Amino acid sequence: MSKHDTIVAADVLVTSPGRNFVTLKITTGEGLVGWGDATLNGRELAVASYLRDHVAPLLVGRDPARIEDTWQYLYRGVYWRRGPVTMTAIGAVDLALWDIKGKTTGQPVYQLLGGAVRDRVLTYTHATGWDVPQLLDSVDTQRERGFLAVRAQMGVPGLDTVYGVTREAAGYEPAGRGTAPAEEVWDTAAYLRHAPGALAAVRDHVGPDLHLLHDSHHRLTPNEAARLGRALEDVDLFWLEDVTPAENQEVLRHVRRHTTTPLAIGEVFNTVWECQSLITEQLIDYVRTCVTHAGGISSLRRIAALADVWQVRLGPHGPSDVSPVALAASLHVGLATPNFAIQEYMGYEPLVHEVFRHDWSYADGYLSTGDSPGLGVDVDEDLAARFPYERAYLPVARRRDGSMTDW
Ligand code: CS2
Ligand code: MG
């Protein structure tokens, strides 16, 4: 790319090969294309509009090489800072510009981030089971696929549905298609009576070596979280995730006082500032921020740097609603970041891999990037166009008395 190359187009692709994805395509005058994931599960069109209607016109004519200046321009210039829509849009621009810079220099992005500090990235995937035997089977399936770390989620006796768990052996899809969110009934007391025993059964089944993770998905009060963390200490979890909503971060002090079970929080965070107290007060062991929803590679590196000062490690969010473009970006950060611990990899349907062709790969419990210039992903636009957006929502959770609860 010559010094005078400029952005000539910024287009937004919304496609739904089994689930909705929003992807930003930035094109330069010299024909270079960069891709960025802009998917925000359940609110996809908000980000698509933010990009199409407000950001794309500002990108045309800009120097694609000025990644940080573009990030600062879109973050500090918008006035209405932070939040998932704004930061997912900025994240998509950031990913696309890093992709272009890699293609300009002929280097995979991790080389531009200082080169590899590891050869491959440890990953974990999901095991779910409505009852304990089904959960053990699901864990075994993932172990047979070579995973060294598995998240275990289970049904709860007395509840008809539990988010993240299916009654069939198949994995769950977070967002359900339809014109309104599914309504689920949640009972924390029933969950707390059941989860410790179910997770202890998994640990007994798999032995001491498999890394086990569990996601409480924001559902507990601080004291419930403290009780659960203490009850799980002998299960030796790699982490207990999102024990309680993290708007009020001071409450984690109570949890931390009562349990040494490692805590992971951050998948719903959008900037380093939301992570700040949890990191500097040592209230978490892992920060879960996602390379898209937290504002891109440039932003995730800032979070990693702050976390490193406090010996907090990264374990970025990587469900099916983070596209293969974002997973690639997260892996490039993972290869080049010393305190990157583990990458979530829920997996994708085969069609998604066809739409988003990528050079990253899974083997024997680890994910590896390729050495293609940029992020190593290309979008089959013709194939993507065959799957138009379909309205889908994440469920909502209510207590048995009908009141809304966190999830
Ligand atoms: C979950 C996600 O993977 C996880 O840790 O918290 O499945 C989350 O529920 C979805 O990404 C929401 O869209
Ligand atoms: Mg989670």
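Residues numbered from 1 in each chain as written. Chains lettered and ligands numbered in written order. Predicted model: local features only at pLDDT ≥ 70, side-chain atom pairs only at ≥ 80, totals over all residues. Heavy atoms only, no water.

Caption draft 1: Representation of the packing of helix α2 (residues 67–76) against helix α3 (residues 84–105). Packing of α2 against α3 leaves a shortest axis separation of 10 Å and a crossing angle of 165°. As far as their axial angle goes, α3 and α2 are roughly antiparallel. Along this stretch, α2 crosses α3, giving a crossing that reads as right-handed. Across from Ile67, Thr70, Trp71, Leu74 and Tyr75 in α2, the residues of α3 making contact are Met87, Ile90, Val93, Asp94, Leu97, Trp98 and Lys101. Broken down by class, the residue content of the contact of α2 with α3 amounts to 9 nonpolar, 1 polar and 2 charged. (Axes fitted to C-alpha atoms, helices over the stretch in contact; angles between N-to-C directions. Helix = DSSP H or I, 4+ residues; strand = E, 2+ residues; numbered from the N terminus. Parallel < 35°, antiparallel > 145°, perpendicular 65-115°, else oblique. Left-handed = near helix turned anticlockwise from the far one by under 90°. Contact = heavy atoms within 4.5 Å. Nonpolar A, V, L, I, M, F, W, Y, C, P; charged D, E, K, R; others polar.)

Caption draft 2: A look at the coordination of the magnesium ion (ligand 2). Protein coordination at the magnesium ion (ligand 2) comes from Asp215 (OD), Glu241 (OE) and Glu267 (OE), with a distance range of 2.0 to 2.2 Å. Here the donor residues of the magnesium ion (ligand 2) are spaced in sequence according to D-x25-E-x25-E. Here Asp215, found in strand β8 (residues 211–215), pairs with Glu267, found in the loop between β10 (263–265) and α9 (272–280); they are 52 residues apart in sequence, far enough to count as distant. A relative accessible area of 10% means that Glu267 is categorised as buried. (Donors = N, O, S within 2.8 Å, 3.2 Å for Na, K, Ca; no water. Buried < 20%, exposed > 50% of the residue type's maximum accessible area, 1.4 Å probe, protein only.)

Caption draft 3: Up close: α2. Taken as a whole, α2 has its buried residues at Ile67, Thr70, Trp71, Leu74 and Tyr75. Down the axis of α2, the smallest arc covering the buried residues is 125°, so these residues share one side. (Arc of directions from axis to C-beta.)

Caption draft 4: Looking closely at the site of ligand 1. Taken together, 15 residues surround ligand 1, and among them Tyr163, Tyr172, His217, Glu267 and Glu344 come closest. Here Asp215 contributes a side-chain N or O atom positioned 3.1 Å from an oxygen atom of ligand 1. Here an oxygen atom of ligand 1 sits 2.7 Å away from a polar atom, N or O, in the side chain of His217. In isolation ligand 1 offers 340 Å² of accessible surface; the protein chains occlude 95% of this area. In terms of residue class, the shell around ligand 1 is made up of 4 nonpolar, 4 polar and 7 charged. (Near = heavy atom within 4 Å. Polar contact = N/O pair within 3.5 Å; in protein donor to acceptor, adjacent residues only side chain to side chain. Areas by Shrake-Rupley, 256 points an atom, 1.4 Å probe, with all protein chains shown as cover.)

Caption draft 5: Highlighting the sheet that holds strand β7 (residues 183–185). Reading across from one edge, β7-β19-β20 is the order of the 3 strands in this open sheet, with mixed pairing throughout. The outermost strands of the open sheet, each flanked by one partner alone, are β7 and β20 (404–405). The pairing of strand β19 (residues 396–398) with β20 spans 2 bridges and is antiparallel. Looking across to β20, one finds that Ala397 is bridged to Thr405. (Pairing = 2+ DSSP bridges.)

Caption draft 6: Fine view of the environment of Tyr124. Take Tyr124: it is sitting in strand β4 (residues 121–129). Residue Tyr124 is classed as buried on the basis of its relative accessible area of 0%. On a C-alpha basis, the gap between Tyr124 and Gly114 in space is 25 Å, while along the polypeptide they are 10 residues apart. Each residue touching Tyr124, except ones within four places of it in the same chain, is listed here: Phe147, Ala149, Val150, Arg151, Leu213, Trp239, Glu241, Arg288, Ile342, Gln343, Glu344 and Tyr345. A distance of 3.1 Å separates a polar atom in the side chain of Tyr124 from a polar atom in the side chain of Arg288.

Caption draft 7: Representation of the packing of aromatic side chains in the model. Under the definition given, this model contains 16 aromatic pairs. The interplanar angle of 75° and the centroid separation of 5.3 Å between the aromatic rings of Phe21 and Phe356 together place this pair among those described as edge-to-face. Residue Phe21 is located in strand β2 (residues 21–28), and its partner Phe356 is located in strand β14 (residues 356–358); the two are separated by 335 residues in the primary sequence. Comparing Phe21 with Phe356, the two get one shared label, buried. Among the aromatic residues, those joined into a ring-pair cluster are Phe147, Tyr345, Tyr348, Trp360 and Tyr362. The ring centre of Tyr366 lies 3.7 Å from the NZ or CZ of Arg120, which sits over that ring. Above the ring of Trp186, the side-chain terminus of Arg219 is found at 4.0 Å from the ring centroid. (Phe/Tyr/Trp six-rings, centres within 6.5 Å; stacked < 30°, edge-to-face > 60°. Lys NZ or Arg CZ within 6 Å of the ring centre and 35° of its normal.)

Caption draft 8: Spatial organisation of the pattern of salt bridges. According to the stated counting rule, one finds 20 salt bridges in the structure shown. Glu44 is the salt-bridge partner of Arg19, the closest N and O atoms lying 4.0 Å from each other. A residue pair is termed long-range when its members are at least 10 positions apart, and Arg19 in the loop between β1 (7–15) and β2 and Glu44 in helix α1 (residues 44–59) qualify at 25 residues. As far as the burial class goes, Arg19 and Glu44 line up, both buried. Two residues, Arg302 and Glu68, come together in a salt bridge whose shortest N-O distance is 3.0 Å. Here the residue Arg302 occupies a position in helix α10 (residues 297–309), and Glu68 occupies one in helix α2, the gap between them amounting to 234 residues. Exposure remark for Glu68: the relative accessible area of 33% places this residue in the partly exposed category. Shared partners join several salt bridges into a network, and the residues in it are Glu241, Glu267, Arg288 and Glu344. (Salt bridge = Lys/Arg side-chain N within 4 Å of Asp/Glu carboxyl O.)

Caption draft 9: Focus on the sheet that holds β2. With antiparallel pairing, 3 strands are arranged side by side in an open sheet as β1-β2-β3. In this open sheet, the two edge strands, each paired with only one partner strand, are β1 and β3 (33–37). Strand-to-strand, the axes of this sheet are offset by a mean angle of 20°, without reference to chain direction. On top of the sheet, α3 reaches β1, β2 and β3; it is set at about 150° to β3, its chief contact.

Caption draft 10: Main features of the side chain of Asn41. Relative to the elements of secondary structure, Asn41 occurs in the loop between β3 and α1. Accessibility expressed as a relative area gives 10% for Asn41, which makes it buried. Polar side-chain contacts of Asn41 include one of 3.5 Å to the side chain of Asp321.

Caption draft 11: Inspection of α10 at higher detail. Its 13 residues give α10 an end-to-end C-alpha distance of 19 Å, which sits within 8% of 18 Å, the value for a rise of 1.5 Å per residue. Regarding α10, the residues found buried are Ile297, Ser298, Ser299, Leu300, Ile303, Ala304 and Ala307. Of the residues flanking the end of α10, it is Gln311, one or two places downstream, whose phi is positive at about 60°. (Expected span 1.5 Å × (residues − 1).)

By themselves, these are just geometric observations and shouldn't be taken as functional.
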